[in-house]
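What follows is the residue order along each chain.
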Amino acid sequence: MNPFEFEFMQRAFVACAVIAAVAPLVGSFIVQRGQSLVGDGMGHVAFAGVGLAFLVGADPVLGALACTVLAGLLLVRMGRAGLAGDLAIALIFYGGIAVGYLFASRAQAGQSRLVGLLFGSPLNLTWPEVGVIVGLALAVVAVVVALYPRLVAMAFDEEAARVAGVPTDRMVLALTVMVAMVVVGGMSSIGLLLISAMMVVPVAAAAQLASSYRGALVLASAIGGASAVVGLLVAHYRDYAPGSAIVLVAIACYLAATAWRGVTRRALA
Amino acid sequence: MASAATGAPLAAPPAAPLELDGVSFAYGRSKVLSDVSLRVAQGEFVAVVGSNGSGKTTLMKLGLGLLPAGSGHVRLFGEELSSFRAWWQVGYVPQRATASSTIPVSVEEVVVSGLAARTRLIRRRSPGEAARIDHVVELLGLEGLRRSRLSELSGGQQQRALIARALVTGPKLLVLDEPTTGVDAEARSVLRKSLQHLVEVEGMAVVYVSHDPEGFSGLAQRVVEVVGGRTPVDSGRSSLREVATG
Ligand SMILES: Nc1ncnc2c1ncn2[C@@H]1O[C@H](COP(=O)(O)OP(=O)(O)O)[C@@H](O)[C@H]1O
Ligand SMILES: [Mg+2]
């Protein structure tokens, strides 16, 4: 049976591959800034938005987008005021998941629907939902391309970038909003708790092999997209949970990249 | 106000690249600098010395607007920091042990990142910028390393790349914070030669922070010492003292 023949599989392939290829583009900048877990935190906040949407009968994507963007703005403001300590950020993130589940349970949202959002349910997507995911991904790509030199300068050395005239506050803001967009875009396909892995793991794998930032970005994006396709195929044939399979394939890529680097290093030495 | 106290003429020559005037700063409650003034004139090479923790790095960050001064004025090229926009005129080499980077970054990417604020979306790199990149790469002896991964270079080569990044916009003021710490002899001599070129040929003003006089001896026209700062008895205040004229 060719899995590409089924329309639900086509939708899953498009949604997962697109968001998994775009997630590392944004992820590279947060990894470089030493904030690898920001995506995970944003996932928690998105869950509050999902719960709220269930409660008021709105679209979960809209609820999640509104909450994550608001939390992102709040975090950036707190950062500017010197209040974005570890603890304050943790409070926002854990508050998000607590509030989300409170709302969702009051709204009597089905457990399977919640699990689907937390861990992904790409096989249940509709074409309009896939369209929204692709739209979010394209918007993120456009912003990354437009701001690329400034984002690289800021991620590599924030103080030097400021002295070079880069508006680093605005770059942090743009980056935070992009993290929110990726989290929301990956929510129903790869899952709120797993999408942040796709921002980080392909980047970690590519960092082992590339020798330039641009090279690392392109490679990480390819690894992300390929992990989604391979992960979905594995999930299809073995009946695994798709989100988990995708992330595990990405982790396998990281391990392979690390091993490869070890081998080539030894060969050179 | 402070000019009368320091005896500077009222009609100062225009547009000193860097001017700190009665500046104070504290990290939370710990005072680091109080009422410090420093003026660096066009084409002047000023060395800033002082013991570890005396506040040299803090002073530079205040001058570059990376930290907000608690009191006093900071001016770049005669412009108050809050309204200063011509950042291409300023080059900064921050103090660091190594250039750490999780994501690989090539020497060329590091150098070009100095131009980030001037890069337009549609426009390609201008011939002038390309020439400037080639010039600084050559000046700092990085020709063969453009495509190398920064983290695989020696400390001295990394530092040269960071200096090239600071120079790529063609600044008129260059601030170097401990540029020779953990750097090999070759990088020291390359740095010395390039600084000489920058000051004598390009007329750049240089502020060189170091506790090691070897790096600036014979180059610095003025040596300024940041005094105090360490002992708690001193309430953590530092002030500036002119040490010598080289
Ligand atoms: N981010 C900071 N927070 C609190 N104290 C700091 C910070 N940075 C520096 N200090 C303190 O300020 C003083 C001056 O530091 P610094 O400007 O780095 O000195 P120097 O560059 O001369 O070694 C030191 O006592 C240092 O411990
Ligand atoms: Mg210092």
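Residues numbered from 1 in each chain as written. Chains lettered and ligands numbered in written order. Predicted model: local features only at pLDDT ≥ 70, side-chain atom pairs only at ≥ 80, totals over all residues. Heavy atoms only, no water.

1. Examining helix 2 (residues 38-56) of chain A
Residues and elements named next belong to chain A.
(1) Moving on: The end-to-end C-alpha separation of helix 2 is 27 Å, in line with the 27 Å expected for 19 residues at 1.5 Å each.
(2) Moving on: Most of helix 2 is tucked away: 14 of the 19 residues are buried.
(3) Moving on: Of the residues one or two after helix 2, Gly57 is the one with positive phi, at around 75°. (Helix = DSSP H or I, 4+ residues; strand = E, 2+ residues; numbered from the N terminus. Expected span 1.5 Å × (residues − 1). Buried < 20%, exposed > 50% of the residue type's maximum accessible area, 1.4 Å probe, protein only.)

2. Let's talk about the environment of Asp169(A)
(1) Moving on: Its location among the elements puts Asp169(A) in helix 8 (residues 168-187).
(2) Moving on: Taking the C-alpha atoms as reference points, Asp169(A) and Arg80(A), 89 residues apart in sequence, are found 8.0 Å from one another.

3. Quick notes on the state of the cysteines
(1) Moving on: For the structure shown, the criterion picks out zero disulfides over all chains.
(2) Moving on: Unpaired in terms of disulfides, Cys16(A) finds its nearest cysteine sulfur in Cys253(A), a separation of 15 Å. (Disulfide = S-S within 2.5 Å.)

4. Let's talk about the coordination of the magnesium ion (ligand 2)
Residues and elements named next belong to chain B.
(1) Moving on: Protein-derived ligands of the magnesium ion (ligand 2) are Thr57 (OG1) and Gln95 (OE1), with the metal-ligand distances lying across 2.0 to 2.1 Å. Taken together, the residues Thr57 in helix 2 (residues 56-63) and Gln95 in the loop between strand 6 (90-93) and helix 3 (107-113) connect sequence positions 38 residues apart.
(2) Moving on: In this structure Thr57 comes out as partly exposed when scored by relative accessible area, which is 23%. (Donors = N, O, S within 2.8 Å, 3.2 Å for Na, K, Ca; no water.)

5. Here we look at the packing of helix 10 (residues 213-238) of chain A against helix 11 (residues 242-268) of chain A
All names here are of chain A.
(1) Moving on: With their axes 7 Å apart at the nearest point, helix 10 and helix 11 run at an angle of 130° to one another. As judged from the angle between their axes, helix 10 and helix 11 are oblique. You can see that helix 10 and helix 11 cross each other, and the crossing is right-handed. Taking contact as the criterion, the partners of Ile223, Ser227, Ala228, Val230, Gly231, Leu232 and Ala235 in helix 10 are, on helix 11, Pro242, Ala245, Ile246, Val249, Ala250 and Cys253.
(2) Moving on: Of the residues contributing to the contact of helix 10 with helix 11, the split by class is eleven nonpolar, two polar and no charged. (Axes fitted to C-alpha atoms, helices over the stretch in contact; angles between N-to-C directions. Parallel < 35°, antiparallel > 145°, perpendicular 65-115°, else oblique. Left-handed = near helix turned anticlockwise from the far one by under 90°. Contact = heavy atoms within 4.5 Å. Nonpolar A, V, L, I, M, F, W, Y, C, P; charged D, E, K, R; others polar.)

6. Re the packing of aromatic side chains
Residues and elements named next belong to chain B.
(1) Moving on: Applying the stated criterion across every chain, the model contains eight aromatic pairs over all chains.
(2) Moving on: An angle of 70° between the planes, with centres 5.8 Å apart, marks the rings of Tyr208 and Phe216 as edge-to-face.
(3) Moving on: Judged by its relative accessible area of 0%, Tyr208 falls in the buried class.
(4) Moving on: Assessed through its relative accessible area of 5%, Phe216 is described here as buried.
(5) Moving on: Three or more aromatic residues joined by ring pairs make a cluster, and in this case those are Phe45, Tyr208 and Phe216. (Phe/Tyr/Trp six-rings, centres within 6.5 Å; stacked < 30°, edge-to-face > 60°.)

7. Thoughts on the pattern of salt bridges
(1) Moving on: Evaluated as defined, the whole model comprises 15 salt bridges over all chains.
(2) Moving on: The closest approach of N and O atoms between Glu7(A) and Arg11(A), which form a salt bridge, is 3.8 Å. In this pair, Glu7(A) and Arg11(A) are both assigned in helix 1 (residues 7-32), four residues apart and thus about one turn of the helix distant.
(3) Moving on: Given the relative accessible area of 16%, Arg11(A) is considered buried.
(4) Moving on: A salt bridge links Arg146(B) to Glu108(B); the shortest N-O distance between them is 2.9 Å. (Salt bridge = Lys/Arg side-chain N within 4 Å of Asp/Glu carboxyl O.)

8. A look at the site of ligand 1
Residue and element names in this part refer to chain B.
(1) Moving on: Taken together, the residues surrounding ligand 1 are Tyr27, Val32, Ser51, Asn52, Gly53, Ser54, Gly55, Lys56, Thr57 and Thr58.
(2) Moving on: One of the side-chain nitrogen or oxygen atoms of Thr58 is found 2.5 Å away from an oxygen atom of ligand 1.
(3) Moving on: Surface burial for ligand 1 is 58%, taken as the share of its 560 Å² of free accessible area covered by protein chains.
(4) Moving on: Residue contributions to the shell around ligand 1 peak at three residues, all from helix 2.
(5) Moving on: Broken down by class, the residue content of the shell around ligand 1 amounts to two nonpolar, seven polar and one charged. (Near = heavy atom within 4 Å. Polar contact = N/O pair within 3.5 Å; in protein donor to acceptor, adjacent residues only side chain to side chain. Areas by Shrake-Rupley, 256 points an atom, 1.4 Å probe, with all protein chains shown as cover.)

9. Considerations on a nonpolar patch on the surface
(1) Moving on: Together, Leu52(A), Leu55(A) and Val56(A) give the surface a local cluster of nonpolar side chains, amounting to about 260 Å² of exposed area.
(2) Moving on: If you trace the backbone, Leu55(A) turns up in helix 2. (Patch = residues over 30% accessible without salt bridge, like charges linked within 9 Å, V, L, I, M, F, W, Y side chains within 5 Å.)

10. Considerations on the interface of chain A and chain B
Often, the extent of an interface is quoted as the loss of accessible area on bringing the components together.
(1) Moving on: Taken together, the contacts link 29 residues of chain A with 31 residues of chain B.
(2) Moving on: Interface area, chain A with chain B, both sides summed: about 2,400 Å², of which 59% is carbon and sulfur.
(3) Moving on: Of all residues in chain A, Phe156(A), Glu159(A) and Val163(A) give up the largest surface area on contact with chain B, accounting jointly for 28% of the area buried on that side.
(4) Moving on: Summed over the shared surface of chain A and chain B, the result is four salt bridges.
(5) Moving on: Close ionic contact of Lys61(B) with Glu159(A) constitutes a salt bridge, the shortest N to O distance being 3.3 Å. (Buried area = accessible area lost by both parts, 1.4 Å probe.)

11. Quick notes on the nonpolar core
(1) Moving on: Within the largest apolar cluster, 80 residues are counted, with the highest numbers of intra-cluster contacts made by Phe29(A), Ile190(A) and Met198(A).
(2) Moving on: The element best represented in this core is helix 1 of chain A, accounting for 15 residues.
(3) Moving on: In this structure, Phe29(A) is in contact with Val144(A), Tyr148(A), Leu151(A), Val152(A), Ala155(A), Leu175(A), Tyr213(A) and Leu217(A), ignoring residues within four places of it in sequence.
(4) Moving on: Val93(B), Val111(B), Met204(B) and Val223(B) belong to the second largest nonpolar core, which has 41 residues in total. (Core = buried A, V, L, I, M, F, W, Y, C linked by side-chain atoms within 4.5 Å.)

12. Focus on helix 5 (residues 155-167) of chain B
(1) Moving on: The terminal C-alpha atoms of helix 5 of chain B lie 19 Å apart, and with 13 residues this matches the ideal 18 Å at 1.5 Å per residue to within 8%.
(2) Moving on: Gly156(B), Gln158(B), Gln159(B), Arg160(B), Ala161(B), Leu162(B), Ile163(B), Ala164(B), Arg165(B), Ala166(B) and Leu167(B) are the residues of helix 5 of chain B that are buried.

13. Some points on the confidence of the model for chain B
All names here are of chain B.
(1) Moving on: Confidence along chain B averages 85 in pLDDT terms, with 84% of residues attaining 70 or more.
(2) Moving on: Every residue in residues 1-5 is under pLDDT 50, and counting partners more than four places away or in other chains gives four contacts.
(3) Moving on: Across the predicted assembly, pTM comes out at 0.90 and ipTM at 0.89. (pLDDT = per-residue confidence, 0-100.)

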